[in-house]
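Commentary on secondary and tertiary structure
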Amino acid sequence: MGKAIIGKKLGMTQLFDQESGVVTAVTVIEAGPCPVVQVRTPDVDGYTALQLAFGEIKERKLSKPEVGHLKHAGVAPHRHLVEFRDAEGFAVGETITVEAFEPGDAVKVSGRSKGKGFAGTIKRHNFASGPKSHGSHNVRKPGSIGASATPSRVFKGIRMAGHMGDRRVTQRGLKVAEVDAERNLLLIAGPVPGSVGGIVEVRTDG
């Protein structure tokens, strides 16, 4: 069964192992509690999934359909709803907490990366810069973007300058370093996508 939970990135800190003297950089995530709002089954929906809620808020901040959907599951108003494929083992109304995870669990974390605004091709796509010698007018320009007469247009997908960041990113190969059930905290070794305060999805990897 795949484990999954929704959380909020709080920032980074360090864990110090007194025996080995190793310092591990960890990301602190306030994860859950996440009530189960809906259970997808192969018989009804054609696939297996759990829909979880996170971030309790006032009812007036949600639309009537959202409130009705949550009330149908017997769940209080929450701001975020996320569906996790291949997660099972829970019924509607049950709550998933950080206790579902254990130190050493391999996980992947999905979030929205930091927005960088408009960026050129060197920063955005790691293009090489042009010659910086005397007379060069092509220091940070992208260069040719296609032929002229044939095909008389620029192909779709050509890497060019534009909006950088602010997109969904999944970081794999991470491990749970520590679980603090009292404060609903997951400490994950290494960095995870997104800015401080951003919503992230944590699920088992593999």
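Everything discussed here concerns the structure shown above.
The rules behind these values
- Residues numbered from 1 in each chain as written.
- Predicted model: local features only at pLDDT ≥ 70, side-chain atom pairs only at ≥ 80, totals over all residues.
- Heavy atoms only, no water.
- Pairing = 2+ DSSP bridges.
- Helix = DSSP H or I, 4+ residues; strand = E, 2+ residues; numbered from the N terminus.
- Axes fitted to C-alpha atoms, helices over the stretch in contact; angles between N-to-C directions.
- Core = buried A, V, L, I, M, F, W, Y, C linked by side-chain atoms within 4.5 Å.
- Buried < 20%, exposed > 50% of the residue type's maximum accessible area, 1.4 Å probe, protein only.
- Contact = heavy atoms within 4.5 Å.
- Polar contact = N/O pair within 3.5 Å; in protein donor to acceptor, adjacent residues only side chain to side chain.

A few words on the sheet that holds strand E10 (residues 168-180). Spatially, six strands are ordered E1-E2-E11-E10-E7-E12 in a closed barrel, and the strand pairing comes out antiparallel. Adjacent strand axes in the sheet meet at a mean angle of 50° when their direction is disregarded. The sheet contact formed by strand E7 (residues 106-112) and E10 spans six bridges and is antiparallel. In the sheet register, Ser-110 faces E10, and the bridge partner there is Thr-170.

This brings us to the nonpolar core. Within the largest apolar cluster, 25 residues are counted, with the highest numbers of intra-cluster contacts made by Ile-5, Leu-52, Leu-186, Ile-188 and Val-202. Leaving out residues up to four positions away in the same chain, Ile-188 has contacts with Ala-25, Val-26, Thr-27, Ile-29, Val-107, Val-109, Leu-174, Lys-175, Ala-177 and Val-202. Within the second largest apolar cluster, eight residues are counted, among which are Ile-57, Leu-70, Ala-73 and Val-75.

Here the focus is the environment of Arg-124. Tracing the backbone shows Arg-124 in helix H2 (residues 121-125). For Arg-124, a relative accessible area of 30% translates into the label partly exposed. If we skip the residues at most four places from it in the chain, Arg-124 touches Ala-119, Met-160, Ala-161, Gly-162, His-163 and Met-164. Reaching out from Arg-124, the side chain makes a polar contact with the backbone oxygen of Met-160 at a distance of 2.8 Å. Of the polar contacts made by the side chain of Arg-124, one reaches the backbone oxygen of His-163; its length is 3.0 Å.

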